[in-house]
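Observations on chain architecture
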Amino acid sequence: ALENGLLNARYVESEKQNLIHAIESAQNDKRVDAAMRMRRIMCEGEAASIPRLGYAEDVAAITPEALTAHWRTVLRTAPIMLFYAGRRTPLFDGLERDPVSPPPTVVRRSAETVREVTESMDVTQGKLVIGMRTGITASDPDYPALVLLNSVYGSGVTSKLFVNVREKRSLCYYASSAVEKFKGLMIVSSGISFDQYETARDAMLGYKVRLSAAIMAAILAELDACRRGEITPEELESARRSLISAVRAGLDTPAALDDWYIGMSIEPCDDPETMLQKLPALTVGDVVRAARRITTDTIYFLKGDEA
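Everything numeric in this text was worked out from a predicted model, so none of it was measured. (Residues numbered from 1 in each chain as written. Predicted model: local features only at pLDDT ≥ 70, side-chain atom pairs only at ≥ 80, totals over all residues. Heavy atoms only, no water.)

Turning next to the overall build of the protein chain. Secondary structure assignment for the protein chain yields twelve helices and seven strands. Summarising its shape, the C-alpha atoms of the protein chain cover approximately 70 × 50 × 30 Å along the three principal directions. Counting all 307 residues of the protein chain, 42% fall into the buried class. Nonlocal contacts in the protein chain, meaning residues at least 24 apart in sequence, comprise 73% of its contacts between residues at least 6 apart. Put simply, the protein chain shows about 16,800 Å² of open surface, and 53% of that area lies on carbon and sulfur atoms. (Helix = DSSP H or I, 4+ residues; strand = E, 2+ residues; numbered from the N terminus. Buried < 20%, exposed > 50% of the residue type's maximum accessible area, 1.4 Å probe, protein only. Contact = heavy atoms within 4.5 Å. Areas by Shrake-Rupley, 256 points an atom, 1.4 Å probe, with all protein chains shown as cover.)

Once that is clear, we can look at the packing of aromatic side chains. For the structure shown, the criterion picks out zero aromatic pairs. When the ring centre of tryptophan 260 is taken as reference, the NZ or CZ atom of lysine 181 above it lies at 5.4 Å. (Phe/Tyr/Trp six-rings, centres within 6.5 Å; stacked < 30°, edge-to-face > 60°. Lys NZ or Arg CZ within 6 Å of the ring centre and 35° of its normal.)

Attention now moves to the sheet that holds strand 4 (residues 126-133). An order of 3-7-4-6-5 is seen for the five strands of this open sheet, with the pairing classed as mixed. Whereas interior strands pair on both sides, the edge strands pair on one side only; in this sheet they are strand 3 (115-121) and strand 5 (174-180). Put simply, the sheet's adjacent strands are angled 15 degrees from each other on average, direction ignored. Sheet topology places strand 3 next to strand 7 (residues 295-304); seven bridges connect them, and they run parallel. Its bridge partner being in strand 7, glutamate 116 is matched across the sheet by isoleucine 299. Across the sheet, helix 8 (residues 215-227) is in contact with strand 4, strand 6 (185-192) and strand 7; its angle to strand 4 comes to roughly 30 degrees. (Pairing = 2+ DSSP bridges. Axes fitted to C-alpha atoms, helices over the stretch in contact; angles between N-to-C directions.)

Attention shifts here to the nonpolar core. Membership of the largest hydrophobic core comes to 44 residues, with the highest contact counts inside it found for Met132, Leu146, Leu149, Tyr153, Met186, Val188 and Ile215. If you tally residues by element for this core, the top one is helix 5 (residues 143-153), at eight residues. Not counting residues within four places of it along the chain, the set of residues in contact with leucine 146 comprises Thr134, Ile136, Val179, Met186, Ala290 and Ile294. Met38, Cys43, Ala48 and Tyr300 belong to the second-largest nonpolar core, a separate cluster that totals 13 residues. (Core = buried A, V, L, I, M, F, W, Y, C linked by side-chain atoms within 4.5 Å.)

Glancing now at the side chain of arginine 133. Here arginine 133 is to be found in strand 4. At 3.1 Å, the side chain of arginine 133 and the backbone oxygen of methionine 42 are in polar contact. Of note is the side chain of arginine 133, whose polar atom sits 2.8 Å from the side chain of aspartate 297. Leave out the neighbours within four places in its chain, and arginine 133 touches Met42, Arg108, Arg109, Ser110, Ala111, Gly184, Leu185, Arg293, Ile294, Thr295 and Asp297. (Polar contact = N/O pair within 3.5 Å; in protein donor to acceptor, adjacent residues only side chain to side chain.)

So, about the pattern of salt bridges. In this structure the tally under the stated criterion is 18 salt bridges. Close ionic contact of glutamate 46 with lysine 183 constitutes a salt bridge, the shortest N to O distance being 2.3 Å. Within this pair, whereas glutamate 46 is found in the loop between helix 2 (30-42) and helix 3 (56-60), its partner lysine 183 is found in the loop between strand 5 and strand 6, the two being separated by 137 residues in sequence. Comparing glutamate 46 with lysine 183 shows no difference in burial state: the two are buried. Put simply, aspartate 297 and arginine 115 hold a salt bridge, and the shortest N to O gap is 2.9 Å. Here aspartate 297 is found in strand 7, whereas its partner arginine 115 is found in strand 3, with 182 residues between them in sequence. Three or more residues are tied together by salt bridges with common partners; here these are Asp140, Asp142, Asp286, Arg289 and Arg293. (Salt bridge = Lys/Arg side-chain N within 4 Å of Asp/Glu carboxyl O.)

This part is about the packing of helix 5 against helix 12 (residues 284-291). Contact geometry for helix 5 and helix 12: axes closest at 8 Å, N-to-C directions at 90 degrees. When the interaxial angle is binned, helix 5 and helix 12 end up roughly perpendicular. Residues Ala145, Leu146, Leu148 and Leu149 of helix 5 form the contact with helix 12, whose participating residues are Asp286, Val287, Ala290 and Ala291. Here the residues of the contact of helix 5 with helix 12 are counted per class, giving seven nonpolar, no polar and one charged. (Parallel < 35°, antiparallel > 145°, perpendicular 65-115°, else oblique. Nonpolar A, V, L, I, M, F, W, Y, C, P; charged D, E, K, R; others polar.)

That is the geometry; function is a separate question.
Listed below in structure tokens is the structure:
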């Protein structure tokens, strides 16, 4: 929708406001915001430190002229992978192309030191986020084992973090882990009461504090258990079934397939069918090997103003 050769100013302003609202909404969700803040610290100086939606102040400064120029640059230079599901074939006749390869993703295989950052905000629940480096990206032979480890450790209602830390010991409101397959990261998020944090922090940094009293120590103790191979057959098979079910469900979802194959264009990795073939063969030894490659990089705690 062009107006005098530029993107329509009214549409541009409307979409700017939509994007600013989306950014502010993410910031208001303190669980999401804490994870973004931790990532900004952990990946400082890298493109990965920038939130997916960007910053509200940058959006506010966009003009129709600048956006039109950027739009034309994207059309000309951005790599394109076409994923299509349906009966009608899309056409791109007349589109002039001069694609530019994106810069390689910076991957740090292990953490050199453990960084700790505490910030205060008007929140009623503490947010503890631990950033870890796995040294494993999507093209690594150990990637399927890392995904299975993540399922055993902190992804889902049968994981060690959910069952042992949240349910049995009631140390936090929630605790879960997720892997980022292009950066080689594992992010552990938890919601805790403020009075637990000082004890948890001391346990992480090596002071004499009982593990049973510390959410931080409890979270890391479960990862240590994975490193030692303390994984029951029930835990392993439950995690494996969950993953296989998720991959199979994705095969029936165009959006999930879209995401998977676009990822394959960024970094060579297994397609869903290959992943389904590999998951049943993984052993506790494979999970242990992946777990032992993980190092803690950044500890971020968002506390209340009065905590």
